[in-house]
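Breakdown of the fold
Residue-level listing of the chains:
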Amino acid sequence: MARDGTRGERRPLLGQEEAPAGGLWDAFEGRKAACAAVLLVEILERAAFFGIVSNLVLYLNSSNFNWGGSQASRAALLFLGASYLLSPVGGWLADVYLGRYWTITLSFLLYLVSACLLPTTASSDGRLFLCGDMPAYPLQHPCRNQSGECQQSAPGHYCAPLMYTGLLFLALGISSVKANLTPFGADQVTDRGHDATRRFFNWFYWSINIGAVISLLVVAFIQQNVNFFIGYTIPAACVALALLVFLLAAPTFVTKPPAGSQVSAMLRLAFRGSCCSRACCIRPGALQSEAQGADPLPDGKSQPRAHSPEEDLANFQVMAKILPVLLTFIPYWMVYFQMQSTYYLQGLHLFIPNIFQHNSTGNGVGSSYTFPDAWLLLANVVVLLVLVPLKDRVIDPFLVRRKLLPSALKRMALGMFFGLASIIVAGALETKRLQYVKNNQTIPQRIGEDVYSAATLPIWWQIPQYLLIGISEIFASIPGNINNCHMDYYFFLLAGIQTVTFMLFFWISGHYERQKQPNCHACVGREGD
């Protein structure tokens, strides 16, 4: 790589000319290797991520650890939440100290070391070495009383400190890669124009879903029907291969030095504003002295390219306006990752059919493989792959021609409504499932090496809630034996929270859109001052 352009920026030795507008890859002329490497790394990383998370509840709930449903669900939700909430850490590290290339490299190393914990604990010898012997718990028989309540002592969390620590480090590596790989990919094509950037992100989006589909079809099946050691070795191998590809492709990459964190600048403005009693306390004119040089880094070094005080102030003002809108998305994210936790746990207690019959004994044990519960996640992926192109190429142009295309905020509100519909459908299904349980319409169902008490209601009834699910996240837990509790109440509680948030979002977004026009006119009126 050679230095070119902005001080500290590195560009590949080949392919400096502007890309022509033409065929599918013509926009990436001279950057094909770099773009292909980033896309391949994204496929491998997403395959690893979905391979880790898709059956994490089943893994912790299995005889390997004997965690209860609430324990396994809580750990999965903690891992999923941390894998997103820790993203600012990696982004800040890249912006201020290391740059995106080295942050991604070090994050993949952390990702790889942490991912190796799962196949290690999947083997009895590795689990014994790292966690010791599993405590023996006395068998607790089902108890019934007139109130329908049952007080039983819950077993401890076997190997919990190691697993929680490993999952948190794994989430840190995943979140840091996620925070930096997308903008790093954009760095490869931004100088080639808008069309090249748009095409790259179309391919990037498909790479995410290709990795997810491959992982759910292959890895999830192996984990549920073969064993977890092989099933978790594959994601670790994908991470190792992604790191290798990223390192080998380094000479073709455009890399940029750390340019400072705008988040830090906005926080500085927020603290400065909180000390003032008047709204005019923070003005661009008051910050002109900062414009004379680069904003210093924490270690006193000068940034290669500092953002102007006016730009920082404008970003801060926009963030202050949009923050209430973003906060209303918290319950919306509460719904999404129910897919990998409570939805998954619900599926384990529904009738799961056998597939791939391989002998004629018909005894149901060892004669076939069971349908992987995690395959229902494919419903969400398939809907995205089908509806996104349909929306972009057919629905949106149709609405634009008739001047009916809703604003971005109204489209977000529609997405929140579908998330609400998903959790309501899940609650209704859980109510029906519990009716089957109370009427003793259950069967012993073998999943891998473990047996679950499942209602005879087929798992296909979960498909609508997977199709409707939006994007959501929560740190939450549910009772251990879902046949002895009302998880339908939990789903309906989330539905109630989402309903209130939906109405609040609708009110805030309407207020925000009405507020934009006067501000714009006011700005035009002040241009001549």
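These numbers were taken from a predicted model, which means no experiment stands behind them. (Residues numbered from 1 in each chain as written. Predicted model: local features only at pLDDT ≥ 70, side-chain atom pairs only at ≥ 80, totals over all residues. Heavy atoms only, no water.)

Notes on the pattern of salt bridges
Stated precisely, the cut-off is as follows: Think of a salt bridge as a Lys or Arg side-chain nitrogen and an Asp or Glu carboxyl oxygen that are within 4 Å of each other. Each helix is a run of H or I in the DSSP string that is no shorter than four residues. Each strand is a run of E no shorter than two, and both are numbered from the N terminus. A 1.4 Å probe rolled over the protein chains alone gives each residue an accessible area, and that area as a share of the maximum for its type sets the label: buried under 20%, exposed over 50%, partly exposed in between.
With the rule as written, the count across this model stands at 4 salt bridges. Of the charged contacts in the structure, one is a salt bridge between Arg-100 and Asp-187, with a shortest N-O distance of 2.8 Å. Of this pair, Arg-100 sits in helix 4 (residues 87–115) while Asp-187 sits in helix 7 (residues 160–187), and the two are 87 residues apart along the sequence. Its salt-bridge partner being Arg-433, residue Glu-430 comes within 2.9 Å of it at the nearest N-O pair. Taken together, the positions of Glu-430 and Arg-433, both in helix 15 (residues 408–438) and 3 residues apart, correspond to about one turn of that helix. By relative accessible area, which is 0% here, Glu-430 ends up buried.

Quick word on the environment of Tyr-205
With respect to the helices and strands, Tyr-205 occurs in helix 8 (residues 194–225). The class of Tyr-205 is partly exposed, set by a relative accessible area of 25%. Along the chain, Tyr-205 and Ile-43 lie 162 residues apart, while their C-alpha atoms are 9.8 Å from each other.

What to know about a nonpolar patch on the surface
Selection rule: Note on patches: the residues involved have over 30% relative accessible area and no salt bridge, like charges join within 9 Å, and the nonpolar side chains Val, Leu, Ile, Met, Phe, Trp and Tyr join within 5 Å. All accessible-area figures derive from a Shrake-Rupley calculation using a 1.4 Å probe, and residue coverage is judged against the displayed protein chains alone.
Side chains of Trp-92, Leu-93, Tyr-97, Leu-98, Trp-102, Leu-106 and Leu-109 sit close together on the surface and give an oily, nonpolar patch of about 640 Å² of accessible area. Among the structural elements, Leu-98 can be located in helix 4. When its relative accessible area of 33% is taken as the criterion, Leu-98 is described as partly exposed.

Points about the packing of aromatic side chains
Convention followed: Stacked, tilted and edge-to-face are the three classes applied to pairs of Phe, Tyr and Trp rings, where Trp contributes its six-membered ring and a pair requires centres within 6.5 Å; stacked means planes under 30 degrees apart, edge-to-face means over 60, and tilted covers the rest. When the NZ atom of lysine or the CZ atom of arginine is within 6 Å of a ring's centre and also within 35 degrees of its normal, the charge is said to sit over that ring.
The full count for this structure, using the stated rule, is 26 aromatic pairs. Judged by centre distance (6.2 Å) and plane angle (45°), the ring pair of Phe-65 and Tyr-158 falls under tilted. Placement of the pair is Phe-65 in the loop between helix 2 (56–61) and helix 3 (69–85) and Tyr-158 in the loop between helix 6 (124–131) and helix 7, with a sequence separation of 93 residues. Taking the relative accessible area as the measure of exposure, Phe-65 reaches 1% and is therefore buried. With centroids separated by 5.9 Å and ring planes inclined at 20°, the aromatic side chains of Phe-228 and Tyr-232 adopt a geometry described as stacked. Highlighted residues: Phe-228 and Tyr-232, both in helix 9 (residues 228–248), separated by 4 residues, approximately one helical turn. Across this residue pair, the class does not change: Phe-228 and Tyr-232 are buried. One aromatic cluster is present, formed by Tyr-59, Phe-65, Trp-67, Tyr-158, Tyr-164, Phe-228 and Tyr-232 through successive ring pairs. One cation-aromatic arrangement involves Arg-46 over Phe-49; the distance from NZ or CZ to the ring centre is 4.3 Å. A cation sits over an aromatic face here: Lys-178 above Tyr-84, 3.3 Å from the ring centre.

Remarks on the nonpolar core
Note the threshold: Only buried Ala, Val, Leu, Ile, Met, Phe, Trp, Tyr and Cys residues count toward a nonpolar core, and they belong to the same one when joined by side-chain atoms within 4.5 Å. Contacts are assigned to residue pairs with any non-hydrogen atoms lying within 4.5 Å of each other.
Judged by nonpolar contacts, the single largest core of 98 residues is most densely connected at Tyr-59, Phe-79 and Tyr-111. Ranked by residue count, the leading element in this core is helix 1 (residues 32–53), at 13 residues. Ignoring any residue separated from it by four or fewer positions in sequence, one finds Tyr-111 in contact with Glu-45, Ala-48, Phe-49, Ile-52, Leu-170, Gly-173, Ile-174, Val-177 and Val-239.

Quick notes on the state of the cysteines
Rules: Here, two cysteine sulfur atoms that lie within 2.5 Å of each other are counted as a disulfide.
A full pass over the atoms with the stated rule returns 1 disulfide. Linked covalently through their sulfurs, Cys-131 and Cys-159 form a disulfide whose S-S length is 1.8 Å. For the disulfide bridge between Cys-131 and Cys-159, the dihedral angle about the S-S bond is near -45°, and by the sign convention the bridge is left-handed. Here Cys-159 lies in the loop between helix 6 and helix 7 and Cys-131 lies in helix 6, a separation of 28 residues in the sequence.

Quick notes on the packing of helix 1 against helix 3
Operational definition: For every element, the axis is a line fit to its C-alpha atoms; helices are fit only across the contacting stretch, and the angle between N-to-C directions ranges from 0 to 180 degrees. Working definition: roughly parallel below 35 degrees, roughly antiparallel above 145 degrees, roughly perpendicular at 65 to 115 degrees, and oblique for all remaining angles. Gly is placed with the polar residues, together with every amino acid not listed as nonpolar (Ala, Val, Leu, Ile, Met, Phe, Trp, Tyr, Cys and Pro) or charged (Asp, Glu, Lys and Arg).
It is the contact of helix 1 with helix 3, at a shortest axis distance of 11 Å, that shows an interaxial angle of 155°. Relative to helix 3, the element helix 1 is oriented roughly antiparallel. The residues of helix 3 that touch helix 1, namely those facing Phe-49, Ile-52 and Val-53, are Phe-79, Leu-80 and Ser-83. Classifying every residue of the contact of helix 1 with helix 3 gives 5 nonpolar, 1 polar and no charged.

Function cannot be read off these values alone, since they describe shape.
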